[in-house]
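Observations on the three-dimensional arrangement
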Amino acid sequence: MGCCSGRCTLIFLCTLQLLAALERQIFDFLGYQWAPILGNFLHIIIVILGLFGTIQYRPRYIIVYTVWTAIWVAWNVFIICFYLEVGELSKDTDLMTFNISIHRSWWREHGPGCVRRVVPPPASQSLDDHSYISVSGCLIEFQYLEVIHSAVQVLLSLIGFVYACYVISVFTEDEDSFDFIGELDKYAYHLHPQKLVQLKPAYQSK
């Protein structure tokens, strides 16, 4: 295959997915978003597996990557629906933190242009509660930043899915062609065994 083949394109796409996943993982860690952190971790492992399978011509690894890509698209579509509050979903719930903390997306307080100001709470309340932190001046609301991140993941995954299917088909055809050549050699041997030339060492007479 040439450098502009589907295999090289898939390697490039897997590299982009790794970079995008690592960038997203950093900000999810900063925001204590445990559900996305777990998803990103699994995604990074599977993408590395797919990258290895593409480089080493292992179609089974690419099949695992392809199946995971479909799951990853569904997960990111759910995140988009979550932050856009589609149906009964609400971005103000603790779903992304498994209901073990009140943290929200890191972009909620640190987005582009955001000014964070702490409002003194009543004495009976804790200062750590996010409801007493005022954020203003954001150029883009945090939910739209999360939607953009997920949309990028969906786009890369869909393109990667298409190229992964193509690479699997190419690898499978190559394996079938090698098997056909091997069977053809066996058939030729059984058909004309007398034509098989055996090489013997030559000895010089003294």
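Rules used in this analysis
- Residues numbered from 1 in each chain as written.
- Predicted model: local features only at pLDDT ≥ 70, side-chain atom pairs only at ≥ 80, totals over all residues.
- Heavy atoms only, no water.
- Axes fitted to C-alpha atoms, helices over the stretch in contact; angles between N-to-C directions.
- Helix = DSSP H or I, 4+ residues; strand = E, 2+ residues; numbered from the N terminus.
- Parallel < 35°, antiparallel > 145°, perpendicular 65-115°, else oblique.
- Left-handed = near helix turned anticlockwise from the far one by under 90°.
- Nonpolar A, V, L, I, M, F, W, Y, C, P; charged D, E, K, R; others polar.
- Buried < 20%, exposed > 50% of the residue type's maximum accessible area, 1.4 Å probe, protein only.
- Expected span 1.5 Å × (residues − 1).
- pLDDT = per-residue confidence, 0-100.
- Salt bridge = Lys/Arg side-chain N within 4 Å of Asp/Glu carboxyl O.
- Disulfide = S-S within 2.5 Å.
- Phe/Tyr/Trp six-rings, centres within 6.5 Å; stacked < 30°, edge-to-face > 60°.
- Patch = residues over 30% accessible without salt bridge, like charges linked within 9 Å, V, L, I, M, F, W, Y side chains within 5 Å.
- Areas by Shrake-Rupley, 256 points an atom, 1.4 Å probe, with all protein chains shown as cover.
- Polar contact = N/O pair within 3.5 Å; in protein donor to acceptor, adjacent residues only side chain to side chain.
- Contact = heavy atoms within 4.5 Å.

**Points about the packing of helix H1 (residues 6–30) against helix H2 (residues 34–55)**
At a closest axis distance of 9 Å, the pairing of H1 and H2 adopts a crossing angle of 160°. Classed by the angle they form, the pair H1 and H2 counts as roughly antiparallel. Classified by chirality, the crossing of H2 by H1 is left-handed. Of the residues that constitute the contact of H1 with H2, the class distribution is 16 nonpolar, six polar and three charged.

**Describing the environment of Val115**
Within the secondary structure, Val115 sits in strand E1 (residues 115–118). Judged by its relative accessible area of 48%, Val115 is partly exposed. Distance from Val115 to Ser136, taken between C-alpha atoms, is 5.3 Å for residues 21 residues apart in sequence.

**Considering H1**
When the terminal C-alpha atoms of H1 are compared, their 36 Å separation across 25 residues agrees well with the 36 Å that a helix rising 1.5 Å per residue should span. Along H1, the residues classified as buried are Gly6, Arg7, Leu10, Leu13, Cys14, Gln17, Leu18, Ala20, Ala21, Arg24, Gln25 and Asp28. Trailing H1 by a residue or two, Tyr32 shows a phi angle of about 55°, which is positive.

**Considerations on the confidence of the model for the protein**
Summarising the model, the protein shows a mean pLDDT of 82, and 76% of its residues fall at 70 or more. The weakest mean pLDDT in the protein belongs to strand E2 (residues 133–136) at 77; the strongest belongs to helix H3 (residues 59–83) at 96.

**Structural notes on the pattern of salt bridges**
Scanning all chains against the criterion turns up two salt bridges. For the salt bridge of Arg104 with Asp94, the shortest nitrogen-to-oxygen distance reads 2.5 Å. Of the two residues, Arg104 sits in the loop between H3 and helix H4 (107–110) while Asp94 sits in the loop between H3 and H4, which places them 10 residues apart along the sequence. Taking the relative accessible area as the measure of exposure, Arg104 reaches 15% and is therefore buried.

**Some details on the state of the cysteines**
Applying the stated rule across the entire model yields one disulfide. Between the sulfur atoms of Cys114 and its disulfide partner Cys138 the distance amounts to 1.9 Å. Every disulfide takes its handedness from the sign of the S-S torsion; for Cys114 and Cys138 that torsion is 125°, giving right-handed. On the criterion of sequence distance, the pair formed by Cys114 in the loop between H4 and E1 and Cys138 in the loop between E2 and helix H5 (142–191) is long-range, its members being 24 residues apart. Accessibility expressed as a relative area gives 21% for Cys138, which makes it partly exposed.

**Things to note about the packing of aromatic side chains**
According to the stated counting rule, one finds 11 aromatic pairs in the structure shown. The interplanar angle of 90° and the centroid separation of 6.2 Å between the aromatic rings of Tyr83 and Phe142 together place this pair among those described as edge-to-face. With a gap of 59 residues between them, Tyr83 in helix H3 and Phe142 in helix H5 connect regions that are remote in the sequence. Put simply, the rings of Trp75, Phe78, Phe82, Tyr83 and Phe142 pair up and form one aromatic cluster.

**A few points about a nonpolar patch on the surface**
Residues Phe29, Tyr32, Trp34, Leu38, Phe41, Leu42, Ile45, Phe98 and Ile100 make up a contiguous nonpolar surface patch of roughly 890 Å² in combined accessible area. If you tally residues by element for the nonpolar patch, the top one is H2, at five residues. With respect to the helices and strands, Phe41 occurs in helix H2. Residue classification places Phe41 among the partly exposed residues on the basis of a relative accessible area of 47%.

**Focus on the side chain of His149**
Examined against the element boundaries, His149 turns out to sit in helix H5. Taking relative accessible area as the criterion, His149 reaches 17% and is therefore assigned buried. Reaching out from His149, the side chain makes a polar contact with the side chain of Glu23 at a distance of 3.0 Å. In this structure, His149 is in contact with Glu23, Arg24 and Trp107, ignoring residues within four places of it in sequence.

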